[in-house]
Amino acid sequence: MSNPKALLEEYEIDPKRALGQNFLHDPNMLEKIVETGEVTKNDIVIEIGPGTGALTHVLAQNAKHVYCIEIDMRLQTLLENELAPYDNVSIIWADVLKTNIAELVGESPYLLVANVPYYITSAIIKHFLEDSPRPQRVVMTIQYELAERITATPNNMSLLAVSVQYFGSPEIITRMKPAVFWPRPEIDSAVLKIDVFDQPPVEVSSDKAFFRVVRAGFSQKRKQLRNSLGGGLGIKAKESGALIEQAGIDPQRRAETLTIAEWGALARLADELSE
Ligand code: SAM
């Protein structure tokens, strides 16, 4: 692999902060990311934002096929030259959030491995876990603080944590100092792994029914569940209080304290109420 800084200088390209262009140049970290993804020659991999191709090199050597999606056309000549030795890499020049993943991989299982642009981390997670065929496993470099929020446990849950933990099991693999990137970001990063479930961990009528209740619960952050759920579902606090008690939950608790199983119980009861 060529050093990203040297490559960008050779092609006279300045990194664009607005596109989250912090390039990873530590070979050990690149290996660690691919190792964490357990990428094998049977695997199709999607990579978001190949940049100068540092991670793509390692992925191409380990995977069956790599689809990498890059928005910055200034990198075209550089990236095509860098990846020319591989016949198992396809470059898609597009915005990942506007890319139809089903059209790309069809029904084939795939892994998502990426050093993502930080300005759209949450949108990327939503795109791949909620709106597209889901990957089997995700390995992403993201902001450390966001990785902590995603892996939070009851008492510190958020809509984001519930959204990820409903679809899979997230784990922080390692912390990364800014110096492993060029240019250096201002914050620490984390390699986050999400093992995606085949089925949601709770029995609910649909993902939509589950998230209707979760969104309602988190709609008014500092309020007790009785009030936030009532407001969000458009029912009286008394009614929502009864529903919460029926689920075996203290209505004075706040949304951030609930487990995924408790959200599941609430979603089932709210379903019955609206039938
Ligand atoms: N993969 C390279 C590495 O590991 O060094 C670069 C990672 S850099 C953090 C993020 C990359 O995502 C950049 O190449 C940037 O141009 C690209 N990018 C930014 N926004 C994007 C978008 N909406 N769709 C696809 N790629 C995007």
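If you're wondering where the values come from, they're calculated on a predicted model, not measured in any experiment.

Trainee: How would you explain the overall build of the protein chain if you had to name every residue and give the values?
Mentor: A count of helical and extended segments in the protein chain gives 12 helices and 9 strands. Taken across its 275 residues, the protein chain has 52% of its residues classed as buried. When the accessible area of the protein chain is evaluated, it comes to approximately 13,300 Å², of which 45% is carbon and sulfur surface. Separation between the mean location of the 28 positive side-chain charges and that of the 37 negative ones in the protein chain comes to 9 Å.

Trainee: Could you give an account of helix α2 (residues 27-36), with specific residues and numbers?
Mentor: By the burial criterion, the buried members of α2 are Met29, Leu30, Ile33, Val34 and Thr36. Angular distribution of buried residues about the axis of α2 spans 165°; they occupy a single face of the element. For α2, the exposed residues lying more than 90 degrees away from the buried face are Pro27, Asn28 and Glu35. In this structure, the buried side of α2 is in contact with β1 (23-24), α3 (54-62), β5 (111-115), β6 (137-143), β7 (168-176) and β9 (189-196). Residue Asp26 occupies the N-cap position of α2, its side-chain oxygen lying 2.8 Å from the main-chain nitrogen of Asn28. Positive phi appears at Glu38, one or two residues downstream of α2, with a value of about 50°.

Trainee: How would you summarise the environment of Ala237 if you had to cite specific residues and measurements?
Mentor: One can find Ala237 in helix α11 (residues 237-246). On the accessibility criterion, Ala237 (32% relative accessible area) is partly exposed. In this structure, the C-alpha to C-alpha distance between Ala237 and Leu225, residues 12 residues apart in sequence, is 9.2 Å. Leave out the neighbours within four places in its chain, and Ala237 touches Arg226 and Asn227.

Trainee: Describe in detail the packing of aromatic side chains, supporting the description with residues and values.
Mentor: The tally for this structure, following the rule as stated, stands at 6 aromatic pairs. Their ring planes at 90° and their centres at 5.1 Å tell us that Phe210 and Phe211 sit as a pair that is edge-to-face. Pair check on accessibility: Phe210 and Phe211 agree, each one buried. Members of the aromatic cluster, each reached through a chain of ring pairs, are Tyr166, Phe167, Phe210 and Phe211. In this structure, Arg175 is placed above the aromatic ring of Tyr144, and the distance from its NZ or CZ to the ring centre is 3.8 Å.

Trainee: Residue-level account of the site of the ligand, with values.
Mentor: Contacts to the ligand come from 22 residues, most closely from Leu24, Gly49, Glu70, Asn115 and Tyr119. Note that an oxygen atom of the ligand is positioned 2.6 Å from one of the side-chain N or O atoms of Glu70. At 2.4 Å, a side-chain N or O of Asn115 approaches an oxygen atom of the ligand. Considering the ligand on its own, with 590 Å² of exposed area, one finds that the protein chains cover 99% of that surface. Using a 2 Å cut-off from the grid points, one finds that the ligand occupies the largest pocket. Mapped by element, the contributors of at least two residues to the shell around the ligand are β1 and β3 (65-70).

Trainee: Tell me about the pattern of salt bridges, residues and numbers included.
Mentor: Think of it this way: side chains of opposite charge can pair up when their charged atoms draw near. All told, the structure shown has 12 salt bridges when counted by the stated rule. Of the charged contacts in the structure, one is a salt bridge between Glu262 and Arg253, with a shortest N-O distance of 2.9 Å. Residue classification places Glu262 among the buried positions, given a relative accessible area of 18%. You can call Arg253 partly exposed: its relative accessible area is 24%.

Trainee: Can you tell me about helix α10 (residues 225-233), naming the residues and giving the values?
Mentor: Within the span of α10, buried status applies to Leu225, Ser228, Leu229, Gly230 and Leu233. Lining the buried residues of α10 we find α9 (207-217), α11 and α12 (260-274). Positioned one or two residues after α10, Gly234 has a phi angle of 75°, which is positive.

Trainee: With reference to specific residues and values, describe the sheet that holds β7.
Mentor: Reading across the sheet, the 7 strands line up as β4-β3-β2-β5-β6-β9-β7 and stay open at both edges, with mixed pairing between neighbours. Pairing within the sheet leaves two strands with one partner each, and these edge strands are β4 (89-93) and β7. Averaged over all neighbouring strand pairs, the angle between strand axes comes to 20°, with direction disregarded. Where strand β2 (residues 44-48) meets β5, 2 bridges bridge the pair, whose relative direction is parallel. Looking at β5, one finds that Ile46 is bridged to Leu112. Across the sheet, α2 is in contact with β5, β6, β7 and β9; its angle to β7 comes to roughly 165°.

The rules behind each value
- Residues numbered from 1 in each chain as written.
- Predicted model: local features only at pLDDT ≥ 70, side-chain atom pairs only at ≥ 80, totals over all residues.
- Heavy atoms only, no water.
- Helix = DSSP H or I, 4+ residues; strand = E, 2+ residues; numbered from the N terminus.
- Buried < 20%, exposed > 50% of the residue type's maximum accessible area, 1.4 Å probe, protein only.
- Areas by Shrake-Rupley, 256 points an atom, 1.4 Å probe, with all protein chains shown as cover.
- Lys, Arg positive; Asp, Glu negative; His and termini not counted.
- Charge placed at Lys NZ, Arg CZ, Asp CG, Glu CD.
- Arc of directions from axis to C-beta.
- Contact = heavy atoms within 4.5 Å.
- Polar contact = N/O pair within 3.5 Å; in protein donor to acceptor, adjacent residues only side chain to side chain.
- Phe/Tyr/Trp six-rings, centres within 6.5 Å; stacked < 30°, edge-to-face > 60°.
- Lys NZ or Arg CZ within 6 Å of the ring centre and 35° of its normal.
- Near = heavy atom within 4 Å.
- 1 Å grid on protein atoms, 1.4 Å probe; cavity = no way out; pocket = protein on both sides within 12 Å on 5 of 7 lines; lining within 4 Å.
- Sits in = over half its atoms within 2 Å of the grid points.
- Salt bridge = Lys/Arg side-chain N within 4 Å of Asp/Glu carboxyl O.
- Pairing = 2+ DSSP bridges.
- Axes fitted to C-alpha atoms, helices over the stretch in contact; angles between N-to-C directions.

So, to be careful, I would describe these as geometric facts and stop short of saying anything about function.
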